[in-house]
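# Observations on chain architecture
Spelled out from the first residue to the last, the chains are:
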Amino acid sequence: MIGVGKAKQYANVLDKPLSRGRQEVSLSAFAFLFSEMVQYNQTQVDNIAELERRLEDAGYAVGARVLELLCHREKGNKREIRLLHILGFIHSTVWKVLFGKGADSLEKGTEHEDEYMISEKELLVNRFISIPKDMGAFNCGAFVAGIVRGVLENAGFPAVVTAHFVPIEGQQRPRTTILIKFAEEVPDAYMFFSPVVH
């Protein structure tokens, strides 16, 4: 979790309990490291789409590991097999572990049955990043989109996940929406009801 507060101190890293240990990372340390990651990747690419793809790939690796860790800690090595439950798990549990609070909203898309949106008024990865005018609509939320895609795909729900800015009337900063569009191979049964597993 990234946030403020003190974590319990242990003399040896091996003394920390695996099942109950909660770690907090200094917000300033995270902001610095994330900024460095963005700057490094910026030097390795030619355009904004490629930069966002690299951030998404980095986030994907984080998402895969977060799913493994949380399934072990929170669920006794069980994974969600229902679409709405995995989305709720991301919206609440994953978001809370990573950002210290649940996401602002989880909504079903109105135009397509297989689209869902997780919205955040002030996404942490966009909070401390100033985007030059020549980079236009660059969104560091691509990293978080990668985390969401990593969780979903490693749970067995392949999806295309993208980050978008959505302007809010009367606000200087736009809201960030993580758009999730599930792949065609995700069965309709997982979309709308909870199958019984024996």
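Below is a short write-up of the structure. (Residues numbered from 1 in each chain as written. Predicted model: local features only at pLDDT ≥ 70, side-chain atom pairs only at ≥ 80, totals over all residues. Heavy atoms only, no water.)

## Overview of the packing of helix α3 (residues 83–99) against helix α5 (residues 142–154)
- Where α3 meets α5, the axes come as close as 11 Å, and the angle between the chain directions of the two elements is 130°. Comparing their axes, α5 and α3 come out oblique. Relative to α5, α3 is oriented so that their crossing is right-handed. On the side of α3, the interface is formed by Ile86, Ile90, Trp95, Leu98 and Phe99, while α5 contributes Val144, Ile147, Val148, Val151 and Leu152. (Axes fitted to C-alpha atoms, helices over the stretch in contact; angles between N-to-C directions. Helix = DSSP H or I, 4+ residues; strand = E, 2+ residues; numbered from the N terminus. Parallel < 35°, antiparallel > 145°, perpendicular 65-115°, else oblique. Left-handed = near helix turned anticlockwise from the far one by under 90°. Contact = heavy atoms within 4.5 Å.)

## Some words on the sheet that holds strand β4 (residues 175–182)
- The antiparallel open sheet is built from 4 strands, whose spatial order is β1-β2-β4-β3. The sheet is open, and its two borders are formed by β1 (105–108) and β3 (159–166), each paired with just one other strand. Ignoring strand direction, the axes of neighbouring strands in this sheet form an average angle of 20°.
- Strand contacts of α3: β1, β2 (115–120) and β4, with the helix running at about 10° to β2, the strand carrying the most contacts. (Pairing = 2+ DSSP bridges.)

Note that every value here comes from positions in space, so none of it alone points to a role or purpose.
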